[in-house]
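Single-letter residue listing:
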Amino acid sequence: MRIDAIILRELHIPLLRPFETSFGVTRQRRILLAEIQSEGLTGWGECTAGERPFFSGESTDSAWQMIVNELGPMLASESPDHGGECPQIFRQVRGNRMAKATLENAIWDLEAQLEGVSLSQLIGGVREVIPCGVSLGIYSSIPELLATIEKELAAGYQRIKLKCKPGWDVEVFDRVRNRWPAITLSCDANSAYKLRDADHLVTFDAFDLLMIEQPLWHDDFYYHSMLQKRLNTPICLDESIHNRRDALAAIEMESCRIINIKLGRVGGFSEAIAVHNAAQERGIPVWCGGMLESGVGRSHNIALSTLENFTLPGDVSASARYWREDIVEPEITVSSAGEIAIPDTPGRGYEVRTDLVERLTVRKETIRAFEMVA
């Protein structure tokens, strides 16, 4: 495909309510969108980097600079036929996976449109619906959290994930479990604990959790392996897994029994599919994590979640949980059974509301191929 232009935009979109984790509180998302124009078609990608480099080493500003100065011109100089060619195109740039995923995922969207198939079909998806869970941040009080859980369960969500940190964990789990003994419940620490907290973490076994997500250091396999040997509850790794090699190492070391796959964290669909396949071959279930995406990134997550080994409910929930008005139509909705139906139209299956995108845009830059030097 010939790339005519890459248009990068930054949008500012307020969340309906603040979202607190062990990293801090997010009230507004600075979202980067890449619009790639090719032969009359348009593919869209979203950067999932945070406003500050807390979840990963990338941020909104670093990703902008990397796309504008390096990755965008590299891609615009090529004519990729397949999204899977992007890692080779970007090979000279180390790291910066979220910036790379922004562009690669848009190419997969374009490829699906050119082939006349849905994005889920293009990547080998097998599901017509996907099960959905919700991720709930750290609240100002336990009663407020309980009221939110009641609302989300009534909406049909199949799994409740609680963000946790020292001081906001055991008492919270106990109150939730006493209220709802049978729900599917998990927790996510975002690396808030240390190995010295192992005795405390072992007490989490009492709450019949589906998993404990990333309790220790963001770049660690070894100490997670030590901790997993003491836990009955499966550890799920998130931040530690950047590629297939990481997944294989973590599985071989028995550092986890579940893997969370995030498109931005691993660099796009190519590596996400490779991680999925490696885990499936070794009997390790996976699920799709969320990064407070708009409807563009959320639609990519929906497609990814149709792969066969995504057997656990992910964080792919409805637009209305986060945004007063999403930038795609139709907005993403979850059925009363806690499921999202998979679009069967070519590409991502959700149209971008370009009028709203333009209103929300605070900066914009068009990227074209490197000028050839004689």
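Up top is the structure.
In this numbering scheme, every chain counts its residues from 1 along its sequence in written order. Note on the predicted model: pLDDT of at least 70 is required for a residue's local features to be given, and 80 or more for side-chain atom pairs to be given and counted; whole-chain, interface and lining totals, by contrast, use all residues. Note that the side-chain values use all heavy atoms of the structure and ignore hydrogens as well as water.

## Structural notes on the pairing of strand E6 (residues 160-163)
Okay, step 1: The buried label applies to any residue whose accessible area, calculated with a 1.4 Å probe on protein chains only, is under 20% of its type's maximum; exposed applies above 50%, and partly exposed to all values in between. Counting from the N terminus, the helices are the DSSP runs of H or I reaching at least four residues and the strands are the DSSP runs of E reaching at least two. Residues of E6 alternate between two faces, with Ile 160 and Leu 162 on one and Lys 161 and Lys 163 on the opposite face, all of them buried.
Okay, step 2: Strand direction decides the pairing type here: strand E5 (residues 134-136) and E6, joined by three bridges, are parallel. Looking at the pairing, Leu 136 lines up with Leu 162 of E6.
Okay, step 3: Look down the strands so they point away from you; if the path from the first strand over the helix to the second goes clockwise, the crossover is right-handed. Viewed along the sheet, the connection from E5 through helix H5 (residues 142-154) into E6 turns out right-handed.
Okay, step 4: DSSP-based pairing: two strands are paired if at least 2 bridges between them are found. Summarising the sheet, E6 and strand E7 (residues 185-188) pair through four bridges and their orientation is parallel.

## Looking at empty space enclosed by the protein
Okay, step 1: The pocket and cavity definitions rest on a 1 Å grid over protein atoms only: a 1.4 Å probe that fits but cannot leave marks a cavity, an open set with protein on both sides within 12 Å along at least five of seven lines marks a pocket, and residues lining either have an atom within 4 Å of a point. Grid points are joined across faces, edges and corners, and a volume is the space filled by probe spheres set on the points. Taken as a whole and judged by the stated rule, the model has three cavities of 30 Å³ or more.
Okay, step 2: Looking at the largest cavity, its volume works out to about 120 Å³.
Okay, step 3: What lines the largest cavity is a set of 17 residues, among which Thr 48, Leu 263, Gly 264, Glu 293 and Asn 301 lie closest to the centre.
Okay, step 4: Elements with a minimum of two residues in the lining of the largest cavity: strand E3 (41-47), helix H3 (97-115), helix H10 (263-266) and helix H12 (295-304).
Okay, step 5: Among the elements that take part in the lining of the largest cavity, H3 stands out by supplying four residues, more than any other.
Okay, step 6: Its residues placed into classes, the lining of the largest cavity shows five nonpolar, eight polar and four charged.
Okay, step 7: Approximately 50 Å³ is the volume attributed to the second largest cavity.
Okay, step 8: Lining the second largest cavity, in full, are Ile 130, Pro 131, Cys 288, Ser 305, Phe 310, Leu 312, Gly 314 and Val 316.
Okay, step 9: Gly is put with the polar residues, along with every residue not named as nonpolar or charged; the nonpolar set is Ala, Val, Leu, Ile, Met, Phe, Trp, Tyr, Cys and Pro, and the charged set is Asp, Glu, Lys and Arg. Grouping the amino acids of the lining of the second largest cavity by side-chain chemistry returns six nonpolar, two polar and no charged.

## With respect to the sheet that holds strand E2 (residues 24-38)
Okay, step 1: Across the sheet, four strands lie side by side as E3-E2-E1-E15; this open sheet has antiparallel pairing. Each edge of the open sheet is held by one strand with a lone partner, namely E3 and strand E15 (361-367). Within this sheet the neighbouring strands show an average axis-to-axis angle of 25°, counted without direction.
Okay, step 2: Pairing geometry for E2 and E3, over seven bridges, is antiparallel. Lines fitted to C-alpha atoms define the axes here, with helix axes fitted over just the stretch in contact, and angles between the N-to-C directions of these axes take values from 0 to 180 degrees.

## Concerning the pairing of strand E1 (residues 5-21)
Side chains on a regular strand alternate between the two faces of the sheet.
Okay, step 1: By the bridge criterion, 13 bridges tie E1 to E2 in an arrangement that is antiparallel. Pairing of Leu 11 across the sheet is with Ile 31, part of E2.
Okay, step 2: Here E1 hands over to E2 after two residues, the two strands then running antiparallel side by side.
Okay, step 3: Pairing geometry for E1 and E15, over six bridges, is antiparallel. Bridge pairing in E15 places Leu 11 opposite Thr 361.

## Regarding the sheet that holds E5
In a beta sheet, neighbouring strands are held together by backbone hydrogen bonds and run either parallel or antiparallel to one another.
Okay, step 1: In spatial order, the strands read E5-E6-E7-E8-E9-E10-E11; together these seven strands make up an open sheet with parallel pairing. The open sheet has two edge strands, E5 and strand E11 (286-288), and neither has a second partner.
Okay, step 2: Contacts are residue-level and defined by heavy atoms, with any inter-residue pair within 4.5 Å sufficient. Against the sheet, helix H11 (residues 269-281) touches strand E10 (258-261) and E11, its axis set at about 165° to E10.

Shape is all these values report; function is a separate question.
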